[in-house]
Amino acid sequence: MEKTFSKTDAVTNQQEMYRQILEYSIENIMIHTNCEVLYLNEACTHFLRCTKERAHGSCVLDLFEEGTKKTVQNRVEQTMNGAEMPRKIEDIITRSDGTKVAVEIYCNPVMYGNQKAIQSVFRDITLRKEAERWMKDQDKLASVGQIAAGIAHEVKNPLTAVKGFLQLLEESHPHAYLTTMKSELNIAINTLTNLLHVSKPDLYEEEIVPIYLCKEVDALLLLFQDRFYDIKVELFLKDTEIYILGKRNLFLKAFFNLFKNAIEAIEGNGKITIEHFILGDTVHIKMHDTGVGIPKDKIKLLGTPFYTSKTQGTGLGLTQVFTTIIDHGGTLTINSHVDCGTTFHIQLPTKHHRSH
Ligand SMILES: Nc1ncnc2c1ncn2[C@@H]1O[C@H](COP(=O)(O)OP(=O)(O)OP(=O)(O)O)[C@@H](O)[C@H]1O
Ligand SMILES: [Mg+2]
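Residues numbered from 1 in each chain as written. Chains lettered and ligands numbered in written order. Predicted model: local features only at pLDDT ≥ 70, side-chain atom pairs only at ≥ 80, totals over all residues. Heavy atoms only, no water.

**Notes on the overall build of the protein chain**
- Secondary structure assignment for the protein chain yields 10 helices and 12 strands.
- Dimensions of the protein chain, computed from C-alpha atoms along their principal axes, come out at roughly 110 × 55 × 40 Å.
- The proportion of buried residues among the 356 residues of the protein chain is 37%.
- Partitioning the contacts of the protein chain with sequence separation of at least 6, the portion at a separation of at least 24 is 59%.
- When the accessible area of the protein chain is evaluated, it comes to approximately 21,800 Å², of which 57% is carbon and sulfur surface.
- Of the side-chain charges in the protein chain, 40 are positive and 45 negative, and the distance between the mean point of each set is 2 Å. (Helix = DSSP H or I, 4+ residues; strand = E, 2+ residues; numbered from the N terminus. Buried < 20%, exposed > 50% of the residue type's maximum accessible area, 1.4 Å probe, protein only. Contact = heavy atoms within 4.5 Å. Areas by Shrake-Rupley, 256 points an atom, 1.4 Å probe, with all protein chains shown as cover. Lys, Arg positive; Asp, Glu negative; His and termini not counted. Charge placed at Lys NZ, Arg CZ, Asp CG, Glu CD.)

Next comes the structure, spelled out in structure tokens:
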């Protein structure tokens, strides 16, 4: 039997097509009147963690916190009455399972059947909010860093003068206490110098030079020789002829800080493994230690000025490492397991040079 399609069929088909577009849109779409929910698409039911049956006929204001209900209600009423309102609001809503989420809501007046209604689109902005908070924290850290650098600079000069006079005094009036005073003073000056390096690396206008990282790593290891009785060091250095361009002293300091941390993390016997190799245009340096490891919740604090778990630590070591690597266009990732050890993975862009 033959079926002929009428105009009504075409309209029905078209309506069905639009319904499907709305139903399976990736946007979280809700249609509601003043307060009553008329329709939710599939994405929106997932997003609000509810079923269509539960949502239909419920009050849209239930999503909002007590404090903002009134404002939202006014807004909805005015939009329904055709008043020009800002199309987008930001708020926190509570979903059916009790979880809260920061959302951006776009509202548009629409006709639903022959009824005036509002179409609201909910977008999850958790990630954006986190990024904004992070930027604010970074700003705060930067200004704390600037204040600290200013103070460090002012305090370091008189201390350096005191150190000079102590040296003179030691020559003319030797006294046992003077050595202790000098070494304590050196600690203070060192801390201030580290702080200045970290917060204002530009104070040290250093030349950009080729740096052969393998050679520098080899030389730096000599400084820690007294610990190598308990600690084994294994080197897997490939592509040793590669160099990067940068500020050499900053790198020496950064690697010194990483070695020092690795050694301090190892109680008794242990092993430090250092790898160096090139992949494409990137130099990879991995430093692994079999030390105490870092708890998961602390990893995100690494690099924050003054974060330390050591009684004698200043917590500036890793800040200097991060600043140096990032200033040279590189990245640093940290992988750690408590009681197993830690790996610092540095990646740096290279200007590589092969000697023939
Ligand atoms: N290789 C590592 N293994 C385990 N924990 C580490 C390692 N490297 C860093 N940490 C942790 O990160 C913290 C911060 O390190 P950072 O080098 O910035 O400061 P510090 O070592 O405490 O002090 P400073 O370097 O000024 O002597 C350390 O206190 C330690 O808890
Ligand atoms: Mg350290």
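**Let's talk about the sheet that holds strand β5 (residues 115–124)**
- Spatially, 5 strands are ordered β2-β1-β5-β4-β3 in an open sheet, and the strand pairing comes out antiparallel. Either end of the sheet is taken by a strand with one partner, and the two such strands are β2 (37–40) and β3 (88–94). Each adjacent strand pair in this sheet contributes to an overall mean axis angle of 35 degrees, direction not counted.
- Note that strand β4 (residues 100–112) and β5 share 10 bridges and pair antiparallel. What sits directly across from P109, in β5, is I118.
- The strands touched by helix α4 (residues 66–80) within the sheet are β1 (28–32), β3, β4 and β5, with β5 carrying the most contacts at an inclination of about 135 degrees. (Pairing = 2+ DSSP bridges. Axes fitted to C-alpha atoms, helices over the stretch in contact; angles between N-to-C directions.)

**Considerations on the layout of surface pockets**
- Of the volumes computed, that of the largest pocket is approximately 1,100 Å³.
- Lining the largest pocket are 38 residues, and of these K260, N261, E264, K310 and G313 sit closest to its centre.
- At the level of elements, α6 (176–199), α8 (248–265), α10 (317–327) and β12 (341–349) are the ones that each hand at least two residues to the lining of the largest pocket.
- Top element by residues in the lining of the largest pocket is α8. It accounts for 8 residues. (1 Å grid on protein atoms, 1.4 Å probe; cavity = no way out; pocket = protein on both sides within 12 Å on 5 of 7 lines; lining within 4 Å. Points joined across faces, edges and corners; volume = space filled by probe spheres on them.)

**Focus on empty space enclosed by the protein**
- This structure, assessed with the given rule, holds 1 cavity of 30 Å³ or more.
- Empty space within the largest cavity amounts to approximately 110 Å³.
- What lines the largest cavity is H32, V60, F64, V72, R75, V76, T79, I89, I105, C107, S120 and F122.
- Every element with two or more residues in the lining of the largest cavity is listed here: α4, β4 and β5.
- When its residues are assigned to classes, the lining of the largest cavity shows 8 nonpolar, 3 polar and 1 charged. (Nonpolar A, V, L, I, M, F, W, Y, C, P; charged D, E, K, R; others polar.)

**So, unusual backbone geometry**
- Although it is not a glycine, R49 sits at a positive phi angle of roughly 55 degrees.
- Position of R49 among the secondary structure elements: in the loop between α2 (42–47) and α3 (52–55).
- Classification of R49 by relative accessible area gives partly exposed; the value is 40%.
- With a phi angle near 50 degrees, D239 is a residue other than glycine that sits in the positive phi range.
- Relative to the assigned elements, D239 resides in the loop between β7 (231–237) and β8 (244–246).

**Here we look at the packing of aromatic side chains**
- Tallying each qualifying case throughout the model produces 5 aromatic pairs.
- When the ring of Y39 is compared with that of Y112, the centres are 6.4 Å apart and the planes differ by 35 degrees; the resulting orientation is tilted. Here Y112 lies in strand β4 and Y39 lies in strand β2, a separation of 73 residues in the sequence.
- With 5.9 Å between their ring centres and 70 degrees between their planes, F224 and F259 make a pair best called edge-to-face. Of this pair, F224 sits in the loop between α7 (213–221) and β7 while F259 sits in helix α8, and the two are 35 residues apart along the sequence. (Phe/Tyr/Trp six-rings, centres within 6.5 Å; stacked < 30°, edge-to-face > 60°.)

**Some remarks on the domain arrangement of the protein chain**
- Domain parsing of the protein chain yields domain 1 (10–124), domain 2 (129–203) and domain 3 (209–349).
- Between the C-alpha centres of domain 1 and domain 3 there is a distance of 52 Å. (Domains from an automatic or database assignment.)

**Focus: the pairing of β4**
- Of the pairings in the sheet, the one linking β3 to β4 comprises 7 bridges and is antiparallel in character. For T94, the partnering residue across the bridge sits in β4 and is K100.
- Counted along the chain from β3 to the antiparallel partner β4, the turn is 5 residues long, and its residue G98 has a positive phi close to 95 degrees.
- Where β4 folds back onto β5 in an antiparallel hairpin, the turn is made up of 2 residues, including G113, whose phi is positive at roughly 65 degrees.

**Remarks on the UniProt feature "domain: PAC" (unreviewed entry) in the protein chain**
- As annotated in UniProt, the feature "domain: PAC" (unreviewed entry) corresponds to residues 87–137 in the numbering used here.
- Measuring from the first to the last C-alpha atom of residues 87–137 gives 30 Å, for a span that is 24% helix and 59% strand. (UniProt positions renumbered as here; feature names shortened; annotations may be inferred.)

**So, the pattern of salt bridges**
- For the coordinates displayed, the defined rule picks out 19 salt bridges.
- Notably, a salt bridge pairs D97 with R49, separated by 3.1 Å at the nearest N-O pair. Remark: R49 occurs in the loop between α2 and α3 and D97 occurs in the loop between β3 and β4; sequence separation between them is 48 residues.
- The class of D97 is partly exposed, set by a relative accessible area of 43%.
- As a salt-bridge pair, E234 and K271 come within 3.6 Å of each other at their nearest N and O atoms. Of this pair, E234 sits in strand β7 while K271 sits in strand β9 (residues 270–279), and the two are 37 residues apart along the sequence.
- Taking the relative accessible area as the measure of exposure, K271 reaches 30% and is therefore partly exposed. (Salt bridge = Lys/Arg side-chain N within 4 Å of Asp/Glu carboxyl O.)

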